[in-house]
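The residues making up each chain are set out below.
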Amino acid sequence: MDIAQTLPAETPFGGELERRPRLLVVDDQPVNVQLLYRVFAADHQVFAATEGNKALEIARQQQPDLILLDVVMPELDGFEVCQRLKADQLTRDIPVIFLTANADPESEAHGLDVGAVDFIGKPFNTKVVRARVKTHVTLKRQGDLLRRWVFLDGLTGIANRRHFDERLAVEWARIQRSGAPLSVLLIDVDHFKRFNDSHGHQSGDDCLRRVAAALASGLQRPTDLVARYGGEEFVCLLPDTDGYGAQHMAEQLRQRVHQETQPGVSGAPWPAVTVSIGVGSARLDLMHSADDLLREADLNLYRAKKAGRNAVRAGAAALSA
């Protein structure tokens, strides 16, 4: 069972504090899910799951700000779900509040030991639940902001190379366990040196900021990441995306950058810019590390430039090129 209200996509590093908080409700009793949905739907984006594995999947995909988690559930109980959340780098910083009828001291202590930030017994007072959710969401966002500064590119406001490298390592380890697809896009602003020479470095900086904004706004899921890779190069990390999906996304981003840097759209006093994009998609039968994935994307980027730029290139043939 999933309940979600659709909101406009936010960029990974912009507008995050202005959006409504994401809340994941996990309970095997639909009546409890519906009750909490009614409590929070007006000012939260609410997701829901009635079993543990689905909760883990939604937590990874949607990156909620807080999880309200029942303890007694079939298959995976709440304690096991919480332990798995805290063992995953993508979900370990999401606060968990247990909501359960098992409110004895031993259960509460165990819940806090496995990583929960709070423990509320059933039946619960909705005003108390709302107050505690508000407190922990505020603390979560403050922590996110501090972490974000460490992983922020100072010029463009998107993720920096350090953040990308750490996320890539996490995703590579994940696909080795699960076999899930993973793709990266290497993106280069075409003829950027010529642009700087013609329009000056201040305009060059403005150009990079506009390209970064176009790329960030073009990503479709919270788990997708765009980062500045260095100079005029950018990189996108696309978990759970195969080669076909990555090539489609790359083409959308190529068109988006060109459209959103048009003088009539951006208001910039210089012509629209274009980008070349190389696609790399993980193949565990041939690739031994994340470096091989980046190498494929880099070789495909070279092919895109060689083809005349303002192009997307993909395909496994790049590894042997």
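Scroll up to find the structure this text is about.
Residues numbered from 1 in each chain as written. Predicted model: local features only at pLDDT ≥ 70, side-chain atom pairs only at ≥ 80, totals over all residues. Heavy atoms only, no water.

Participant: Explanation requested: the overall build of the protein in the structure shown.
Facilitator: Secondary structure summary: the protein contains 11 helices and 10 strands in total. Relative to the compact-globule value of 20 Å for 321 residues, the protein shows a C-alpha radius of gyration of 22 Å, a close match. Along the three orthogonal principal directions, the C-alpha set of the protein runs to about 70 × 45 × 30 Å. A total of 321 residues make up the protein; the buried ones form 49% of that total. Across the protein, the fraction of contacts at a sequence separation of at least 24, relative to all contacts at a separation of at least 6, is 65%. Of the accessible surface of the protein, which amounts to about 14800 Å², a share of 51% is contributed by carbon and sulfur atoms. Charge-centre separation for the protein: the mean point of 38 positive side chains lies 5 Å from the mean point of 43 negative side chains. (Helix = DSSP H or I, 4+ residues; strand = E, 2+ residues; numbered from the N terminus. Rg over C-alpha atoms; globule rule 2.2 N^0.38 Å. Buried < 20%, exposed > 50% of the residue type's maximum accessible area, 1.4 Å probe, protein only. Contact = heavy atoms within 4.5 Å. Areas by Shrake-Rupley, 256 points an atom, 1.4 Å probe, with all protein chains shown as cover. Lys, Arg positive; Asp, Glu negative; His and termini not counted. Charge placed at Lys NZ, Arg CZ, Asp CG, Glu CD.)

Participant: Honestly, the side chain of T100 in this entry has me stumped. Any pointers?
Facilitator: With respect to the element layout, T100 can be found in strand β4 (residues 96–100). If sequence neighbours within four positions are ignored, T100 has contacts with D70, V71, F119, I120, G121 and K122.

Participant: Please clarify how helix α6 (residues 161–178) should be interpreted in this entry.
Facilitator: An α-helical segment advances 3.6 residues per turn. Residues three or four places apart therefore align on the same side. End to end, α6 covers 25 Å across 18 residues, agreeing with the expected 26 Å (1.5 Å per residue, within 8%). Structurally, α6 contributes buried residues whose contacts are with α2 (52–62), β6 (182–189), β7 (225–230), β8 (233–239) and α11 (290–306). (Expected span 1.5 Å × (residues − 1).)

Participant: Could you clarify how one ought to interpret helix α3 (residues 78–87) in this entry?
Facilitator: Those residues of α3 lying buried are G78, F79, V81, C82 and L85. Looking down the long axis of α3, one finds its buried residues gathered within 160° of arc, a one-sided arrangement. Among the structural elements, α2, β3 (66–69), β4 and α4 (105–113) are those in contact with the buried residues of α3. At the N-terminal boundary of α3, the capping side chain belongs to D77, with an oxygen 3.2 Å from the backbone nitrogen of F79. (Arc of directions from axis to C-beta. Polar contact = N/O pair within 3.5 Å; in protein donor to acceptor, adjacent residues only side chain to side chain.)

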